[in-house]
Amino acid sequence: PMSELTTSDQAFLLSLARHEINARLKSGADLQRPASLSPAVFENRGCFVTLHQNQELRGCIGTIEPDQALIDNVAENAANAAFRDPRFSPVTLSEIDGINIEISVLTPPKELTFKDGEDLKRQLKPGIHGVILSRNWHRSTFLPQVWEQLPDKEMFLEHLCLKGGMGRDCWKSRKTKVEVYTASYFSE
């Protein structure tokens, strides 16, 4: 099982994310690492960094697979969310103070086996499950927080299919691989 992040770990990861964005916009002091980071920060964990401006999405990039230490993943994804999200122009210095940072730390994805669309819907837990759909080279995911905007299971799955460039009913097909994960998320 994964170690729990402490409140001070969360605070540090949020300041790390902000520091990574600031470092590319202006020169500043180095970030001081607290003496007492827990082991959880150094475990390999997937994570997403989401930027909001006036409650609107301003960037979101993440790594689903736990392929590097959480601390490195947060730093990399913060910079990518600010400067490399293709849906948005890069964050500017004048904006940065008005941006709120949220970090989602993921559990490793688990594949769901399902007989058909109805069976899949029965297994999904809105608000708890993040969902990954993959088929051939197409792949898309929604974090658990997206259920707030799309609480209906069919709409959630249809939007996820379309996000990945697959037909809107791709989730009903057993050729589509469905994985779920949970996330703990915290923001500034």
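Being a predicted model, the structure only gives us computed values, none of them experimental.

### Notes on the sheet that holds strand E8 (residues 183–187)
Pairing in this open sheet of four strands is antiparallel, and the strands run E2-E1-E3-E8 from one edge to the other. Among the strands making up the open sheet, the edge pair consists of strand E2 (56–63) and E8. Going across the sheet, the axis of each strand differs from the next one's by a mean of 15°, ignoring polarity. The strands touched by helix H1 (residues 7–25) within the sheet are strand E1 (47–53), strand E3 (99–106) and E8, with E3 carrying the most contacts at an inclination of about 125°. Along the sheet, helix H2 (residues 70–83) contacts E1, E2 and E3; its crossing angle with E1, the most-contacted strand, is approximately 35°.

### With respect to the pairing of E3
The side chains of a regular strand alternate between both faces of the sheet. Summarising burial for E3: seven of the eight residues are buried, a large majority. Two strands pair when backbone bridges link them, and E3 and E8 are joined in this way by five bridges, in the antiparallel orientation. Looking at the pairing, Ile-103 lines up with Phe-186 of E8.

### Focus on the sheet that holds strand E6 (residues 138–142)
Strand order in this open sheet of four strands is E4-E7-E5-E6, and the pairing throughout is antiparallel. One side of each edge strand has no neighbouring strand; the edge strands of this open sheet are strand E4 (110–112) and E6. Ignoring which end each strand starts from, the neighbouring axes of this sheet average 25° apart. Across five bridges, the pairing between strand E5 (residues 130–135) and strand E7 (residues 177–181) is antiparallel. Each bridged residue has a counterpart across the sheet, and for Ile-132 the counterpart in E7 is Glu-179.

### Here we look at the environment of Met-2
Mapped onto the elements, Met-2 comes out in the segment before H1. Classification of Met-2 as partly exposed rests on a relative accessible area of 32%. Spatially, the C-alpha atom of Met-2 lies 21 Å from that of Leu-112, the residues being 110 residues apart in sequence. Met-2 has contacts with Glu-43, Asn-44, Arg-45 and Pro-108, leaving out every residue within four places of it along the chain.

### Some thoughts on the packing of aromatic side chains
Taken as a whole and assessed by the stated rule, the structure comprises two aromatic pairs. For the pair Phe-142 and Phe-156, a centre-to-centre distance of 5.3 Å together with 70° between the ring planes defines the contact as edge-to-face. Taken as a pair, Phe-142 in strand E6 and Phe-156 in helix H5 (residues 153–163) lie far apart in primary sequence, 14 residues in all. Side by side, Phe-142 and Phe-156 carry an identical accessibility label, which is buried. Plain terms: the ring middles of Trp-147 and Phe-156 are 3.6 Å apart, the flat faces sit at 5° to each other, and that makes the pair stacked.

Here is what the cut-offs are and how they apply
- Residues numbered from 1 in each chain as written.
- Predicted model: local features only at pLDDT ≥ 70, side-chain atom pairs only at ≥ 80, totals over all residues.
- Heavy atoms only, no water.
- Pairing = 2+ DSSP bridges.
- Helix = DSSP H or I, 4+ residues; strand = E, 2+ residues; numbered from the N terminus.
- Axes fitted to C-alpha atoms, helices over the stretch in contact; angles between N-to-C directions.
- Contact = heavy atoms within 4.5 Å.
- Buried < 20%, exposed > 50% of the residue type's maximum accessible area, 1.4 Å probe, protein only.
- Phe/Tyr/Trp six-rings, centres within 6.5 Å; stacked < 30°, edge-to-face > 60°.

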